[in-house]
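# Residue-level structural notes
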Amino acid sequence: MVRIKICGITNAADARAAAVVGADAIGLVFYRKSPRALDAARTQEVLTALPPFITRVGLFVNADATEVAATLQQYPLDVLQFHGDESPSFCRSFDRPYIKVVRVTAAQDLRPAVDAYHDAQGLLLDCAVPGVWGGSGQSFDWWRLSDLGKPWILAGGLNAGNVAEAIAIARPYAVDVSSGVEMSPGRKDHDKMAQFVARVRGA
Ligand SMILES: O=C(O)c1ccccc1NCC(=O)[C@H](O)[C@H](O)COP(=O)(O)O
């Protein structure tokens with residue numbers, strides 16, 4: 001079964017809806033320049049709205065260590081997701097499962113990233129868009145990539161219309177979606193989320 005993460009959840013209604021439609025994980029963006037960035041009140045709102053057994057993933061882009069540590073002290077995050085130029089030693093320094101994002105455009109050798117981030121819980125492949133760290137809504141050219149020796153997550157420009165094809169081609173462990181299930185940046189469309197999950201489950 002392909003797991004599903006819905007990223008960029010910013011409010012209680014969207015958090016509840018993500019759980020109802022069957023998301024396995026949600027992403028909380030702690031990157032201040034994002035339109036999906038959370039302040040303390042919103043973070044609390046989202047976390048409080050979630051039922052048990054939904055993985056809570058915190059996203060960072062080149063944050064400093066004190067900021068990541070302070071966020072971890074404040075909120076019960078299950079997994080960290082690093083979207084920037086964070087080194088392996090930085091990623092592993094928080095003693096928390098982490099996912100490292102690798103930005104790609106087309107088929108490339110991912111072995112160096114797998115080796116460097118060998119203790120990552122997984123790698124997330126997202127589309128490399130100049131000047132954008134994530135949530136771009138852009139896809140890369142998928143290729144067959146089932147065996148990386150560790151779980152990997154397909155992201156970038158996915159939506160209900162293309163996710164089944166993406167899974168058939170790339171064979172990921174999980175898929176990650178944000179803008180493809182939104183009505184506007186930071187506001188999820190609950191019907192689009194339900195359609196997305198249905199297409200993944202049917203793939
Ligand atoms: O959502 C953002 O604005 C964002 C900003 C900076 C780093 C990451 C960000 N989001 C990450 C994601 O939403 C997903 O992990 C991934 O990039 C897929 O996004 P999309 O192409 O919109 O489905």
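Residues numbered from 1 in each chain as written. Predicted model: local features only at pLDDT ≥ 70, side-chain atom pairs only at ≥ 80, totals over all residues.

## Quick look at the UniProt feature "domain: N-(5'phosphoribosyl) anthranilate isomerase (PRAI)" (unreviewed entry) in the protein
- Under the UniProt annotation, the feature "domain: N-(5'phosphoribosyl) anthranilate isomerase (PRAI)" (unreviewed entry) is placed at residues 4-198.
- Between the C-alpha atoms that bound residues 4-198 there is a distance of 11 Å. The span itself is 30% helix and 22% strand. (UniProt positions renumbered as here; feature names shortened; annotations may be inferred. Helix = DSSP H or I, 4+ residues; strand = E, 2+ residues; numbered from the N terminus.)

## Description of the packing of helix α6 (residues 163-170) against helix α7 (residues 190-202)
- At their nearest, the axes of α6 and α7 sit 8 Å apart, and the two run at 35° to each other. By crossing handedness, the relation of α6 to α7 is classed as right-handed. In this structure, α6 contributes Val-163, Ala-164 and Ile-167 to the contact, and α7 contributes Phe-196, Arg-199, Val-200 and Gly-202.
- The residue inventory of the contact of α6 with α7, partitioned by class, reads 5 nonpolar, 1 polar and 1 charged. (Axes fitted to C-alpha atoms, helices over the stretch in contact; angles between N-to-C directions. Left-handed = near helix turned anticlockwise from the far one by under 90°. Contact = placed C-beta atoms within 7 Å. Nonpolar A, V, L, I, M, F, W, Y, C, P; charged D, E, K, R; others polar.)

## Topic: the nonpolar core
- Ranked by internal contacts, the top residues of the largest apolar core, which has 52 residues, are Ile-6, Ala-18, Ile-26, Leu-28 and Val-175.
- Look past the residues within four positions of Leu-28 in its chain and what remains in contact with it is Ile-9, Leu-38, Thr-43, Val-46, Arg-56, Val-57, Gly-58 and Leu-59. (Core = buried A, V, L, I, M, F, W, Y, C linked by C-beta atoms within 7 Å. Buried ≥ 20, exposed ≤ 12 C-beta atoms within 10 Å, placed from the backbone.)

## Overview of the pairing of strand β5 (residues 98-104)
- Burial runs high along β5: 5 of the 7 residues are buried.
- Here strand β4 (residues 79-82) pairs with β5 via 3 bridges, running parallel. Its bridge partner being in β5, Phe-82 is matched across the sheet by Lys-100.
- Where β5 and strand β6 (residues 122-127) come together, 6 bridges link them in parallel fashion. Paired with Val-102 across the two strands is Leu-125, which belongs to β6.
- Note on the crossover from β5 through helix α5 (residues 111-116) to β6: the handedness is right-handed. (Pairing = 2+ DSSP bridges. Right-handed = clockwise from strand over helix to strand, strands pointing away.)

## Considering the site of the ligand
- What surrounds the ligand is a group of 26 residues, the closest being Ser-34, Gly-134, Gly-135, Ser-178 and Ser-179.
- Of all the secondary-structure elements, those providing two or more residues to the shell around the ligand are β2 (25-29) and β8 (174-177).
- Along the lines of polarity and charge, the residues of the shell around the ligand split into 10 nonpolar, 13 polar and 3 charged. (Near = placed C-beta within 6 Å.)

## A word on unusual backbone geometry
- Even without glycine at this site, Phe-53 takes up a positive phi of about 75°.
- Tracing the chain through its elements places Phe-53 in the loop between α2 (40-49) and β3 (55-60).
- Taking the number of C-beta atoms within 10 Å as the measure of exposure, Phe-53 has 7 and is therefore exposed.
- One non-glycine residue, Asp-95, lies in the positive phi region at around 55°.
- Tracing the backbone shows Asp-95 in the loop between α4 (88-92) and β5.

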